[in-house]
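Reading the structure
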Amino acid sequence: MDKTATNEQIAQVVTVIEGLGCTARPIPGGDRVSIGVLNNKGPVDAAIFLGLPGVNDAVPVTKPYKLVSRETKPEDTLITVGDCTIGSGQLTLIAGPCAIESEDQAMAIAEKVKAAGAHLFRGGAFKPRTSPYSFQGLGEEGLKIMAKVRAQTGMPMVTEAMDLVTFDVVEQYADVVQIGTRNMQNFSLLKRAGESHRPIMLKRGMAATIEEWLMAAEYIMARGNHQVILCERGVRTFVHHSRNTLDLSAIPVVQKESHLPIIVDPSHAAGLRDQVLPLSRAAAAAFAHGLMVEVHNKPDEALSDGAQSLYPDQFKSLCRQVQAIFEISDEE
Ligand code: PEP
Ligand code: MN
């Protein structure tokens, strides 16, 4: 639609789309609205829309991910969480422990990462662990601790919803709901996330192509939630020197294909602390919209992912370096 299109003109286009037996999905943008035409049985003639008042252009979307595609919405999606805007010309830094273990642990780490320059606090209350005998997270108690941390530090919280049973409670507390790599194609969970009013951070499946990942985001958007943040966290390859292989090329590819913001999680990609800083620098240089990094005040005693967790001082140095690199990348 034109930047100056009125609500009545948008409503008229929606009526015309529905009259064709299709579904209309208006996607609000920074300065204009795009309207997706979904559930069409065959090609829809663009000329039908071009003469309607307020219509700027009508573009056939060739990609299978319709709402996620930049063809549908050319300008970047910006997602506001607290004082911070993800997807704009700033590098959003999310940091915290893998899992919330206690109030003292969470508060101590949060104070440190905030002072270092983190914008959002991460931590798992419901943890997807490979072994059923590993620490499974504190559950709602962990969410309550995160809410206290938010009240104390002002940092919005990012935390994972692992299943349909616990989605409601996670959504009540979280500012951003994370869907983990193992759940990227949990379609019931994606549909539920699509009904949420919270932004969703969708991590890439560890064996997913970019097209599969964007189709997973399409599930969320198709249910009406347009606030999706994509998170590249490494994919499985044949190597043993790292836990996964960080696919940095996902950043330019996703930014070309989609208007959604993409952030990078170097911690789960690396699995080892000494790789996290170089990978973070590379992600900032590749112009990711943000980074999510695991930090622990006592990594040796961490109940999960201690080996990849940075010491607070290391995170402080990381923040300084990645912000400087991002600013140089931004000039181009
Ligand atoms: C996490 O961020 O805590 C996590 C479990 O990540 P992933 O789903 O990418 O393994
Ligand atoms: Mn972890």
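Please refer to the structure placed before this passage.
Residues numbered from 1 in each chain as written. Chains lettered and ligands numbered in written order. Predicted model: local features only at pLDDT ≥ 70, side-chain atom pairs only at ≥ 80, totals over all residues. Heavy atoms only, no water.

This brings us to the overall build of the chain. Per the secondary structure count, the chain includes 11 helices and 12 strands. C-alpha extents for the chain along the principal axes are approximately 65 × 45 × 40 Å. Put simply, the chain has 332 residues, and 52% of those count as buried. A sequence separation of at least 24 residues applies to 68% of the contacts in the chain between residues at least 6 apart. A total of about 14,400 Å² of accessible surface is found on the chain, and carbon and sulfur atoms cover 52% of it. (Helix = DSSP H or I, 4+ residues; strand = E, 2+ residues; numbered from the N terminus. Buried < 20%, exposed > 50% of the residue type's maximum accessible area, 1.4 Å probe, protein only. Contact = heavy atoms within 4.5 Å. Areas by Shrake-Rupley, 256 points an atom, 1.4 Å probe, with all protein chains shown as cover.)

Near ligand 1, the surroundings consist of Arg122, Lys127, Glu160, Gln178, Gly180, Thr181, Arg182, Lys203, Arg233, His268 and Glu294. In the model, an oxygen atom of ligand 1 is placed 2.8 Å from a nitrogen or oxygen of the Arg122 side chain. Contact distances for ligand 1 include 2.8 Å between an oxygen atom and a backbone N or O atom of Thr181. Starting from 300 Å² of accessible surface for ligand 1 in isolation, the protein chains cover 97%. Grouping the constituent residues of the shell around ligand 1 by class yields no nonpolar, 4 polar and 7 charged. (Near = heavy atom within 4 Å. Polar contact = N/O pair within 3.5 Å; in protein donor to acceptor, adjacent residues only side chain to side chain. Nonpolar A, V, L, I, M, F, W, Y, C, P; charged D, E, K, R; others polar.)

The parallel closed barrel is built from 8 strands, whose spatial order is 5-6-7-8-9-10-11-12. When the angles between neighbouring strand axes are averaged without regard to direction, this sheet yields 25 degrees. The sheet contact formed by strand 10 (residues 228-232) and strand 11 (residues 262-264) spans 3 bridges and is parallel. Looking at strand 11, one finds that Glu232 is bridged to Val264. Along the sheet, helix 3 (residues 103-116) contacts strand 5 (92-96) and strand 6 (120-122); its crossing angle with strand 6, the most-contacted strand, is approximately 145 degrees. (Pairing = 2+ DSSP bridges. Axes fitted to C-alpha atoms, helices over the stretch in contact; angles between N-to-C directions.)

Once that is clear, we can look at the packing of helix 7 (residues 210-222) against helix 8 (residues 250-257). The interhelical angle for the contact between helix 7 and helix 8, taken along N-to-C directions, is 50 degrees, at an axis separation of 11 Å. As summarised for this structure, helix 7 and helix 8 are arranged oblique, according to the angle between their axes. Handedness of the crossing formed by helix 7 with helix 8: right-handed. Contacts between helix 7 and helix 8 involve Ile210, Trp213 and Leu214 from the former and Ala250, Val253, Val254 and Glu257 from the latter. (Parallel < 35°, antiparallel > 145°, perpendicular 65-115°, else oblique. Left-handed = near helix turned anticlockwise from the far one by under 90°.)

Right, let's talk about the coordination of the manganese ion (ligand 2) for a bit. At this site the manganese ion (ligand 2) is bound by Cys98 (SG), His268 (NE2), Glu294 (OE) and Asp305 (OD), with donor distances of 2.0 to 2.4 Å. Mapping the donors of the manganese ion (ligand 2) onto the primary sequence gives the spacing C-x169-H-x25-E-x10-D. Here Cys98 is found in the loop between strand 5 and helix 3, whereas its partner Asp305 is found in the loop between strand 12 (290-294) and helix 11 (312-330), with 207 residues between them in sequence. Here Cys98 and Asp305 have matching classes, each one buried. (Donors = N, O, S within 2.8 Å, 3.2 Å for Na, K, Ca; no water.)

The next subject is the nonpolar core. One finds Val113, Phe121, Leu202, Trp213, Leu230 and Phe315 to be the most contacted residues of the largest nonpolar core, which totals 71 residues. Here this core takes 7 residues from helix 7, the largest share from any one element. Once residues lying within four places of it in the same chain are set aside, the contact partners of Phe315 are Ala95, Val113, Ala116, Ala118, Val293, Val295 and Leu310. (Core = buried A, V, L, I, M, F, W, Y, C linked by side-chain atoms within 4.5 Å.)

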